[in-house]
Amino acid sequence: MENKEIWIEGDILFYKDHGNVENANIQSLKYAYAQILGNVPFLFVFADHQHYISTELQGFGEVYHKLSDRFRFDDETFFAVCKARKEDEKVKIWAKKMPQNYQILDEYLNDGDFGYEVYTEPKQMISWDTTYEQLEALGCIEAYFTDFGAQYLRFKYPVRIEGILIDQLEVYADNVSTNRPVQEFFVDLYDETNTDKSYKKLRELWIDDDVDINQYGYERDDQCYLQFALANGINASICYTYDEEYAYDDGSTSLHFYNKREYKSFLENKEYEEVMEISGLLSFPNKLDINVKYIDHDGVKHIPLKVKELLKEKSGIWLDSVNHKIGFAGTDTALILDLEKITYFTLQNVLPAKGSGYADFMVHLTTEDYLYVFIEDTYFFDQFAGQLEQMTKKSVEIPEAYYNC
């Protein structure tokens, strides 16, 4: 084991890459390719994310044969590609055969403006306005975590969205405000052929043949991507990726539903505005947008009238010592936080290089999370560091600037 650079323990594949030991869960393997990079043959596999595994690793032959015996790789193709060493060549040697997980229904029910139907017993029609916590309370979803710790929710029952019935529709639920309506649903759809037939069926379901496809996206040799309005405030997108120089074909169409509706009631903050006091004020010379969105954070509210009257047409920061609050006023909204939940501020300058220069105004919280509140030109915020530190009694760090490479 000490001399090997690649090995398998249980269902985990370990391999060395640029001095680091990487790992892949074999149970999550979706497809595999033979690929030549820099005149070196690689085994490329996708298992939760991409893995490029050099055939020159000590112990590779033994591991490859174990994988091939388990998944029935196309050995003849793999070794032919490795032997030819044609630069940038890549050929699929295996893909997991996935069962069809959707059905185009004979009847197209035009009820998408309201929501989607979950095939529980009895069936439940659920509004797009249903929040994450309300959805969980209905008992029709289950949570799971990826190997990287990200949380997702998966429907335990088929879900009908207008004219399509979907198995295992999912929701991204990591670092979301659970009292907000669900913002995005997604699923990878497979036809029984594991080809672009799934994409073509969805395109036929939702896009008229006589429309200009460029109004919705593009259809190229490497990828097809269309986004369109499905219902009132709800957009949908379909995407299929083919084998091209930098792309891999896994046989699925990525289907997403996006909640674009506005929920301005979350911006109301009358209870605080009635008791707020302004103990200190830092005014910027211009207007700056708040980078935090109200749909993602409970602290984003309307800019209080008292603050508007003081800042006029400018953005800035106010301190409320009476209520132990601090507010960051942007163009249309303000971020209001409990002062004791802030540990310090960072003003990070980025110098122009391949990308443009800019400066980030960051708030670090006691939860060890942080928020990017404002963005402006490089060094813009430095002039306010002393005033901010004096007003809040919190430290303000200005790390060394780095280049935007």
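These remarks concern the structure in this document. This one's a predicted model, so the numbers in the text were calculated from it and none came from an experiment. (Residues numbered from 1 in each chain as written. Predicted model: local features only at pLDDT ≥ 70, side-chain atom pairs only at ≥ 80, totals over all residues. Heavy atoms only, no water.)

**As for the nonpolar core**
And then number 1: Judged by nonpolar contacts, the single largest core of 39 residues is most densely connected at Tyr 116, Phe 155, Ile 161 and Phe 257.
And then number 2: With 5 residues, strand β18 (residues 223–231) is the largest single contributor of residues to this core.
And then number 3: Beyond its immediate stretch of four places on either side in the chain, Phe 155 contacts Tyr 116, Val 118, Leu 135, Cys 140, Ile 141, Gln 168, Leu 169, Val 171 and Phe 185.
And then number 4: Leu 282, Leu 288, Leu 335 and Phe 381 belong to the second-largest nonpolar core, a separate cluster that totals 35 residues. (Core = buried A, V, L, I, M, F, W, Y, C linked by side-chain atoms within 4.5 Å. Buried < 20%, exposed > 50% of the residue type's maximum accessible area, 1.4 Å probe, protein only. Helix = DSSP H or I, 4+ residues; strand = E, 2+ residues; numbered from the N terminus. Contact = heavy atoms within 4.5 Å.)

**Comments concerning the sheet that holds strand β8 (residues 102–104)**
And then number 1: Taken together, the 5 strands give an open sheet; going across it, the order is β8-β14-β13-β9-β10, and neighbouring strands pair in antiparallel fashion. Two strands close off the open sheet at either side, each with one partner strand: β8 and β10 (124–127). When strand polarity is set aside, the average angle formed by the axes of neighbouring strands in this sheet is 25°.
And then number 2: In the sheet, strand β13 (residues 159–161) pairs with strand β14 (residues 164–166) via 3 bridges, with the strands oriented antiparallel. (Pairing = 2+ DSSP bridges. Axes fitted to C-alpha atoms, helices over the stretch in contact; angles between N-to-C directions.)

**Section: unusual backbone geometry**
And then number 1: Between Glu 121 and the following residue, Pro 122, the backbone shows a cis peptide bond with an omega angle of 0°.
And then number 2: Structurally, the position occupied by Pro 122 is in the loop between β9 (115–118) and β10.

**Observations concerning a negative patch on the surface**
And then number 1: On the surface, Glu 87, Asp 88, Asp 221, Glu 244 and Glu 245 cluster together into a negatively charged patch.
And then number 2: Among the structural elements, Glu 87 can be located in the loop between α2 (75–84) and β7 (90–95).
And then number 3: What makes Glu 87 partly exposed here is its relative accessible area of 40%. (Patch = residues over 30% accessible without salt bridge, like charges linked within 9 Å, V, L, I, M, F, W, Y side chains within 5 Å. Areas by Shrake-Rupley, 256 points an atom, 1.4 Å probe, with all protein chains shown as cover. Salt bridge = Lys/Arg side-chain N within 4 Å of Asp/Glu carboxyl O. Lys, Arg positive; Asp, Glu negative; His and termini not counted. Charge placed at Lys NZ, Arg CZ, Asp CG, Glu CD.)

**Overview of the packing of aromatic side chains**
And then number 1: Going through the model one piece at a time under the given rule, you end up with 45 aromatic pairs.
And then number 2: Their ring planes at 90° and their centres at 5.4 Å tell us that Phe 284 and Phe 374 sit as a pair that is edge-to-face. With Phe 284 in the loop between β21 (280–283) and β22 (300–302) and Phe 374 in strand β28 (residues 370–376), this residue pair connects regions lying 90 residues apart in the sequence.
And then number 3: In this structure, Lys 90 is placed above the aromatic ring of Tyr 248, and the distance from its NZ or CZ to the ring centre is 4.5 Å.
And then number 4: In this arrangement the basic side chain of Arg 154 is found over the ring face of Tyr 144, its NZ or CZ atom lying 4.1 Å from the centre. (Phe/Tyr/Trp six-rings, centres within 6.5 Å; stacked < 30°, edge-to-face > 60°. Lys NZ or Arg CZ within 6 Å of the ring centre and 35° of its normal.)

**Observations regarding the pattern of salt bridges**
And then number 1: What the rule picks out here adds up to 19 salt bridges.
And then number 2: Note that Lys 90 is salt-bridged to Asp 243, the shortest N-O span being 3.8 Å. Of this pair, Lys 90 sits in strand β7 while Asp 243 sits in the loop between β19 (234–241) and β20 (252–259), placing them 153 residues apart in sequence.
And then number 3: The class for Asp 243 is partly exposed, based on a relative accessible area of 35%.

**Re the pairing of β18**
And then number 1: By the bridge criterion, 3 bridges tie strand β17 (residues 217–219) to β18 in an arrangement that is antiparallel. Across the sheet, residue Gly 217 finds its bridge partner in β18, namely Leu 226.
And then number 2: Hairpin connection from β17 to β18: 3 residues lie between these consecutive antiparallel strands.
And then number 3: Relative to β19, β18 runs antiparallel, the two sharing 8 bridges. When the bridges of β19 are listed, Ala 229 appears paired with Asn 235.
And then number 4: Between β18 and β19, which pair antiparallel in sequence order, lie 2 residues; one of them, Gly 233, sits at a positive phi of approximately 75°.

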